[in-house]
Structures are given as C-alpha cells and as structure tokens.
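Read off the chains here:
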Amino acid sequence: MNFAALEPRSRYITCEEREIHFMDWVPAQAGGPVVVAWHGLARTGRDMDPLAAHLCAQGWRVICPDTIGRGLSQWSPDPKAEYCLDFYSKLAKSLVDQLALDRFHWVGTSMGGAIGMVCAAGSLRGRIERLVLNDIGPQLAPAAVQRIRSYAGSPSAFNTMRELEQYFREVYKPYGHLPDKQWRLLTESSMRRLPDGRVTPHYDTAMVQQFEHHPDDYELWSVFDSIDVPVLCLRGADSDLLLVETAEAMRDRGPRALVVTIPGCGHAPALNVPDQLELVQRFLAGH
C-alpha cells in the first residue's frame, strides 16, 4: 500500500503545558471510528504509519502521538515528575479532550499499551471502547527491562545515516520483517543530529529515569483487573518482555484478554504486515 499518498497531517497541540506532536490520519469521508495508536518507549508515532494507513484507507481516523521527550514533541523540563505513566495518561486525556473525541479505540505498542491500560482503567474509562496491547502486559520481565534500559539510556551516535539505520536494524530486529523502505522511514523519522554533526536516536535519554523514580510504574495487575472493555493482546513468539505465563494469566483474569501469538517476532511485532493489520482491524471492528 502506498500509505504516503494518504497524506496524514502533522499537527501540534499543547497538553498539560507541553507541546505534543501527532500525526492525524483523516479518511476522505469523516464520521467514522477513531483509533489512538501509541508507540513504544524509545520510539515515535511514525512507527504506526503502516497500521494507520491500513485503517485510514478503510474509513478510520487514526491519531498517532509522539510521547513527551520523543520524536517532535517537547522534552520535559521536569523529567523526574513527568516521564511516568501517570503524566503520560494526563497528556493522553488532554489530547483526546481537545480533539473532542468522545469514544475511540486504543492500540498501544509496549509503553503505549501500558498508557492505554492506565487510561482505560482510569481517566478515560468509558471512552476507550476496545484496547489492543502489542507485546505488553501488566507485568514485565526484569531481564528485558534491563536490556531496554541499557540501549535506551545511552544511545549510540554515528557519523552517517546509513550507520544509524544499521544500528536500528540490529536493535529492532525483534520487530520482525520490515522492508528496506520501512527501515529507512524508521531511521529518518527518529533521528536527530548532535552538535558535533553525528546522528543519534531522537529522544530525551532522561526518559529512562522512569525506571529509577517510578520503579513500580509497570506493575499493573490491579489496573488490568479493573478494565471492563474487550482487550486483544498480541505477543511476539520470541518476546523477552511479555512472558508466556503473563500472557496466559491475562486470559484468565480481569477483562480476559484474547491473546494471539505472532510468529517470527520478539518485542514487539511491527504491525506492518497483512496478517497483523487484518487481525487488529477485525478486533477493533468487533468481528
């Protein structure tokens, strides 16, 4: 699919006194269902381009934010207080309130799914109709958290874009198959140039302070158990973050999630191939 032809709008909005960037995929005919698609810890909303294009082409409006400290959104002047799920959920509520979104669905990869859980159980209860958790659950494997902290907290810098792309290809190999065009988009949409001219991933490294100052942020079983909407959990077959036993427990408690294992992926499926796109679409449509 030539999703560039759909021409999503790049927009900025002030939420909780912070400027947030988001891509707004608006279908040709307004009035259809709405999806908020939220990216993972060290990523940007552009990761959701394939999913957004797929849904938008079939009449869905898709909102893809950059979390504060990532992509084109403002970096926090108070990292200790603001890089945490509580503040992210406040940003999300402000965003959908200002966009006058009364009812909508939520698709969240990794951290984006955790934000979705907090919102669905709290400030956006009754407004989120269906929730897709992409390789995230109410409990994280400690070894995977340490792995992510190790690369996200001190990202490498490179002299050339091609070197940066190769770095991304290695770090995000668990995403599964991405064609060359998508690797290039991932690189170009999540890079910044340092004062010395080198290129590095485009996020505030202080965002990993979440794990230091909010060590229990991702212990979400009580949150998950209170969710009262349909939940689809996608688990990468080789995921080291969402363990099999956690996914199985999600089937049996709280909203009793529909758990689907995605072969050929680790943490986290890229939501970019037909099987994954159609699976998410069918669930959001209630089929």
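Criteria and thresholds
- Residues numbered from 1 in each chain as written.
- Predicted model: local features only at pLDDT ≥ 70, side-chain atom pairs only at ≥ 80, totals over all residues.
- Heavy atoms only, no water.
- Salt bridge = Lys/Arg side-chain N within 4 Å of Asp/Glu carboxyl O.
- Helix = DSSP H or I, 4+ residues; strand = E, 2+ residues; numbered from the N terminus.
- Buried < 20%, exposed > 50% of the residue type's maximum accessible area, 1.4 Å probe, protein only.
- Core = buried A, V, L, I, M, F, W, Y, C linked by side-chain atoms within 4.5 Å.
- Contact = heavy atoms within 4.5 Å.
- Phe/Tyr/Trp six-rings, centres within 6.5 Å; stacked < 30°, edge-to-face > 60°.
- Pairing = 2+ DSSP bridges.
- Axes fitted to C-alpha atoms, helices over the stretch in contact; angles between N-to-C directions.
- Polar contact = N/O pair within 3.5 Å; in protein donor to acceptor, adjacent residues only side chain to side chain.

- The protein carries the name Alpha/beta hydrolase fold protein in an unreviewed UniProt entry, which gives Hydrogenophaga intermedia as its organism.

**Overview of the pattern of salt bridges**
Here is step 1: The final tally for this structure, using the stated rule, is 16 salt bridges.
Here is step 2: In this structure, R11 and D24 form a salt bridge, with 2.7 Å as the shortest nitrogen-oxygen distance. Residue R11 is found in strand β1 (residues 9-15), and its partner D24 is found in strand β2 (residues 18-25); the two are separated by 13 residues along the sequence.
Here is step 3: Looking at R11, the relative accessible area reads 22%, which means it is partly exposed.
Here is step 4: Take D24: its relative accessible area is 2%, and that puts it in the buried class.
Here is step 5: R253 is the salt-bridge partner of D225, the closest N and O atoms lying 2.6 Å from each other. Linking D225 in helix α9 (residues 221-226) with R253 in the loop between α10 (244-252) and β10 (258-262), this pair joins segments that are 28 residues apart in sequence.
Here is step 6: Judged by its relative accessible area of 32%, D225 falls in the partly exposed class.
Here is step 7: Overlapping salt bridges bring together E165, R169, D180 and R184 as one network.

**Let's talk about the nonpolar core**
Generally speaking, a soluble globular protein has its nonpolar side chains buried in company with each other.
Here is step 1: Formed by 77 residues in total, the largest nonpolar core has its most connected members in L85, F104, W106, M117, L131, Y172 and I227.
Here is step 2: In terms of residue count, the dominant contributor to this core is helix α4 (residues 111-121) (8 residues).
Here is step 3: Apart from the residues within four sequence positions on either side, Y172 is in contact with A42, R43, Y151, W183 and L186.
Here is step 4: Of all hydrophobic cores here, the second largest spans 25 residues; its members include L51, I262, L277 and L284.

**Re the packing of aromatic side chains**
Here is step 1: This model, assessed by the stated rule, comprises 8 aromatic pairs.
Here is step 2: Geometrically, the ring pair formed by Y151 and Y172 is edge-to-face, given 6.2 Å between the ring centres and 90° between the ring planes. Highlighted residues: Y151 in helix α5 (residues 142-152) and Y172 in the loop between α6 (161-171) and α7 (180-188), separated in sequence by 21 residues.
Here is step 3: A residue is classified by how much of its surface remains accessible, and Y151, at 19% relative accessible area, is buried.
Here is step 4: Their ring planes at 50° and their centres at 5.8 Å tell us that Y167 and F168 sit as a pair that is tilted.

**What about the sheet that holds strand β4 (residues 61-65)?**
Pairing between the strands of a sheet comes from backbone hydrogen bonds, and it takes one of two forms, parallel or antiparallel.
Here is step 1: Spatially, β1-β2-β4-β3-β5-β6-β9-β10 is the arrangement adopted by the 8 strands of the open sheet, whose pairing is mixed. Lying at the two open borders of the sheet, with one neighbouring strand each, are β1 and β10. Put simply, the sheet's adjacent strands are angled 20° from each other on average, direction ignored.
Here is step 2: Together, β1, β2, β3 (34-38), β4 and β5 (104-109) form the strand contacts of helix α3 (residues 85-98), whose direction differs from that of β1 by roughly 115°.

**Considerations on the environment of S154**
Here is step 1: Following the sequence through the fold, S154 ends up in the loop between α5 and α6.
Here is step 2: In this structure the side chain of S154 is engaged in a polar contact, spanning 3.4 Å, whose partner is the backbone oxygen of S150.

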